[in-house]
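Architecture at a glance
Now for the letters of each chain:
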Amino acid sequence: MLRHKTREWLPEFTKNILRQIFVSSSKSATGRIKNQPPLRGVRVIELAGLAPAPFCGLILADFGASVTRIVKPKEDALIEDCLTRGKRTIEVDLKTQQGIETVSNLCFNADILIDPYRPGVLEKLGLGSSKLLRNNGRLIIARITGYGQTGPLAQSAGHDINYVAMSGLLPTISHNRQQPFPPANLLADFAGGGLSAAFGILLAIFEREKSNKGQVIDVSMTEGLAYLGSFVNLTRHWQSFWDRDRGVLSGNYPVYRTYKAADGKFLAVGALENKFQENLFKGLKLPITSSDVENRPEYVSDLLEKEFVQKTRDEWMEIFKDCDACVSPVLEMDEVGEHHHHIFRANFTFDGEKHTVPRPSPRLLRTPAV
Amino acid sequence: MAPLLPLAGIRVIEFAGLAPVPHCGMILADFGATVIKVDRADDQGHRLDRMSRGKQSVAVDLKLKEGTSLVRRLCRSSDVLIDPFRPGVLEKLGLGPRELLADNPRLIYARLSGFGQTGPWKDMAGHDINYVALSGLLSTFGRAGQKPTAPVNLAADFAGGGLTTALGIVMALFERTRSGQGQVIDTSMVEGAAYAGSFIHMTQDTPLLWGQERGNNLLDSGAAIYDTYETADAKFVAVGALEPKFHRVLFEKLGMNPNASIPEMAMNPEEFRRELTERFKKKTRDEWTHIFAGTDACVTPVLELDEVSSNEQNKSRQSFITLDDNQPFSAPTPAPRLSRTPAHAQVGLYPKPGQHSTAVLRDFGFSTAEIEQLLSCGAAIDRASSKL
């Protein structure tokens, strides 16, 4: 069914591509040279590590930086690093003096160093931040850890789940009702870690244009996530949002949750506003209104559960496709690349039919990612 | 000398909107930008907007021609515009990228929407849950047997939306130092979320990590050594002991066989879970926190929002800013920490809508006569003297 939709959208997709080519070729020759990816020429040294550091390096590489990834010889990692596109990798033995000098020299000529180690490890290797900054005052050193460079937990091991737990957000994320659990390792490792680090690096490199000086960036994944959740923290006394049973974002609010369809797939309903709720109930052919949502939410949830399970997910999407009811399919990972909206926007490429690769975000229209 | 701020001197025009755009503006303000919020003329400011800390507010009636040309003039001498509307809305007001970039080719025009500026779904309404659903990621969030659950509005609104847009803006600002030109940024929260979850997408074919039904994988609550456990006082601890060297410490401290291997655990997963569940129930959360502090067992307390600032790690780093207000309140400190040019979150300084209308217009070179004209026709509303 989705393949049929693909063919429907092809003409517009082609038009879109042609438009982009036409617009970019209408610039002058100088304009075209100027429209390089934003980080072209920026040199990054990424000391290989888990999740957050490679993702930070990936963002920089995607937006044009030259990223050199340094791996230890015979490194036995839990899993292979899949975030290596656009980077070049060299093997350096940091247990040898030669290895240390190699890295030191690379940092002398680099703009950014990404450090994924526990605090003090680089210092012990003779690659401490003060030393590196003395050699190259313009260097920006991003030190990515779970708990930060200081504090009683600075030397403790941890993973995403621990950092989310320390941020204060885990009970809210788990809707305060069940055994809490974070959304895979998205929030601390990637949002509060890699993405936050990339942001800090960009701030520093922009600031450096004025000051001509680098600096150290202390990226604590716990803090990155807590900051990301500022809204949640700052509005935590808003009962309308966060009340365990009736809050809009409580996870069980009848018009803001997922519903199972006949084929075991799910739909996401995000109809917060009355006008969208009206369209939702119309599409479901249910004689209820927004006041039912307010006055008897459990009843509405029940009703919607029973109704959604009558048709398949895609049958429902056919019904809701042209009406503003804030209903969308919960796409599975192995089908996400085939959705017509994603095809139009060219949001995913395929890694040899193995898995989808998301396109870099956001889109800078004049100087896009590589 | 006052510490430098990375975005000092950068002027941002932020149209009032929902969660992601205020968050983006807040980040920029925290890091030194002058952020001017364009509030709706009819917004009386009954609800205190804590995301507007450190921003200035101009109240404008965009239904009036004088109102839109006021905003157009502000954009002429600004660096960044943040657009929260559906594609085409600003164009209809004569404030589209074509006009504003012609006025000011250095402008960075950041458009933040759910589905993006183009595509068959661009005009559809939606919220965070819809965007995470479309990114593919929502299908991986949730315990076995339960419905997929989005992490409130963190994944799309804030990670894929606010923070991603802030990143794009600073990238464009940096690029502008070389080219002298601004540009349009198209942030789709669907894409931002998917990109942030690149690792999850790209490891779908890694058997160690994925391949089972939701809730039965290593990182989604399928593994006993990577989950939360209830304690004697009905609170929780988080256990993230993925590597053998870490779960060895964990088992030791719990009085279990420290040499249990992953294959053994895989053979009797329920047995392991039961053991861990029973043992953790024997002490309170804070007792466990004390036992595991300073070890490599990857065990941390699951903190509530009301107690984060009193935890010793968070307290030592002042990860949460507390005010000496009437009510004790904590706001997360801006992240990440730049050592030489740190952020400065003006917690406690929340503008009322329209509080700075006159002041901002004056800053932007409007004459007294012009300001009076705009106020009298209702294009701009000044609430500087109004009490909340």
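Residues numbered from 1 in each chain as written. Chains lettered and ligands numbered in written order. Predicted model: local features only at pLDDT ≥ 70, side-chain atom pairs only at ≥ 80, totals over all residues. Heavy atoms only, no water.

An unreviewed UniProt entry lists chain B under the name Alpha-methylacyl-CoA racemase, with Plectus sambesii given as the organism. If you open the UniProt record of chain B and go to Sequence similarities (unreviewed entry), you find "Belongs to the CoA-transferase III family." (UniProt positions renumbered as here; feature names shortened; annotations may be inferred.)

As annotated in an unreviewed UniProt entry, chain A carries the name Alpha-methylacyl-CoA racemase and is attributed to Plectus sambesii. We quote the UniProt Sequence similarities (unreviewed entry) comment for chain A here in full: "Belongs to the CoA-transferase III family."

Between side chains of opposite charge, a pair can form as their charged atoms come close. All told, the structure shown has 44 salt bridges over all chains when counted by the stated rule. We note a salt bridge from A:Glu223 to B:Arg337, for which the minimum N-O separation is 2.9 Å. Linking A:Glu223 in helix α10 (residues 221-228) with B:Arg337 in strand β12 (residues 337-338), this pair reaches from one chain into another. We classify A:Glu223 as buried; its relative accessible area is 3%. We classify B:Arg337 as partly exposed; its relative accessible area is 25%. A salt bridge links B:Asp79 to B:Arg176, with the shortest nitrogen-to-oxygen separation between them at 3.0 Å. One end of the pair, B:Asp79, is in the loop between α2 (65-76) and β4 (80-83); the other, B:Arg176, is in helix α6 (residues 154-179), with 97 residues separating them in the sequence. (Salt bridge = Lys/Arg side-chain N within 4 Å of Asp/Glu carboxyl O. Helix = DSSP H or I, 4+ residues; strand = E, 2+ residues; numbered from the N terminus. Buried < 20%, exposed > 50% of the residue type's maximum accessible area, 1.4 Å probe, protein only.)

Residues and elements named next belong to chain B. Considering the arrangement of structural elements, one finds Thr68 in helix α2. Among the residues examined, Thr68 registers a relative accessible area of 12% and is labelled buried. Each residue touching Thr68, except ones within four places of it in the same chain, is listed here: Leu62, Leu93 and Leu95. (Contact = heavy atoms within 4.5 Å.)

Between A:Ser361 and the following residue, A:Pro362, the backbone shows a cis peptide bond with an omega angle of 0°. By the element assignment, A:Pro362 lies in the loop between β11 (356-358) and β12 (363-364). B:Pro336 follows B:Ala335 through a cis peptide bond whose omega is -5°. When you line up the elements, B:Pro336 lands in the loop between β11 (330-332) and β12. Positive phi, normally seen in glycine, also occurs at A:Lys285, with a value near 60°. By the element assignment, A:Lys285 lies in the loop between α13 (274-284) and α14 (290-295).

Now for helix α15 (residues 297-308) of chain A. Residue and element names in this part refer to chain A. For α15, spanning twelve residues, the distance from its first C-alpha to its last is 16 Å, which sits close to the expected 16 Å at 1.5 Å a residue. All of the buried residues along α15 are Pro297, Val300, Ser301, Leu304 and Phe308. Angularly, the buried residues of α15 cover 100° about the axis, an arc narrow enough to put them on a single face. Along α15, the residues that are exposed and aim more than 90 degrees away from the buried face are Glu298 and Lys306. In the core, the buried residues of α15 are packed alongside β7 (256-260), β8 (266-270), α13, α14 and α16 (313-320). (Expected span 1.5 Å × (residues − 1). Arc of directions from axis to C-beta.)

On the surface, a cluster of positive charge is made up of A:Lys72, A:Lys74, A:Lys95 and B:Lys245. Examined against the element boundaries, B:Lys245 turns out to sit in helix α9 (residues 244-254). Overall, B:Lys245 belongs to the exposed group, its relative accessible area being 53%. (Patch = residues over 30% accessible without salt bridge, like charges linked within 9 Å, V, L, I, M, F, W, Y side chains within 5 Å. Areas by Shrake-Rupley, 256 points an atom, 1.4 Å probe, with all protein chains shown as cover. Lys, Arg positive; Asp, Glu negative; His and termini not counted. Charge placed at Lys NZ, Arg CZ, Asp CG, Glu CD.)

Counting from both sides, the interface comprises 144 residues of chain B and, opposite them, 144 residues of chain A. Across the interface of chain B and chain A, roughly 12800 Å² is buried in total on both sides, 65% from carbon and sulfur atoms. Area buried by chain B at its contact with chain A is led by B:Tyr195, B:Met202 and B:Leu305, which between them contribute 7% of it. Across the contact surface, chain B and chain A share 71 residue pairs in polar contact (both at pLDDT 80 or more). Here the residues of the side of chain B that touches chain A sort into 72 nonpolar, 46 polar and 26 charged. Here β12(A) runs beside strand β6 (residues 183-188) of chain B; their pairing, made up of two bridges, is antiparallel. The residue bridging A:Arg363 from the neighbouring strand is B:Asp186, located in β6(B). (Buried area = accessible area lost by both parts, 1.4 Å probe. Polar contact = N/O pair within 3.5 Å; in protein donor to acceptor, adjacent residues only side chain to side chain. Nonpolar A, V, L, I, M, F, W, Y, C, P; charged D, E, K, R; others polar. Pairing = 2+ DSSP bridges.)

Another aspect to go through is helix α1 (residues 20-30) of chain B. Residue and element names in this part refer to chain B. Along α1, eleven of the eleven residues are buried, which leaves the element largely enclosed by surrounding structure. Those residues of α1 lying buried are Pro20, Val21, Pro22, His23, Cys24, Gly25, Met26, Ile27, Leu28, Ala29 and Asp30. One or two residues past the end of α1 sits Gly32, with phi positive at roughly 110°.

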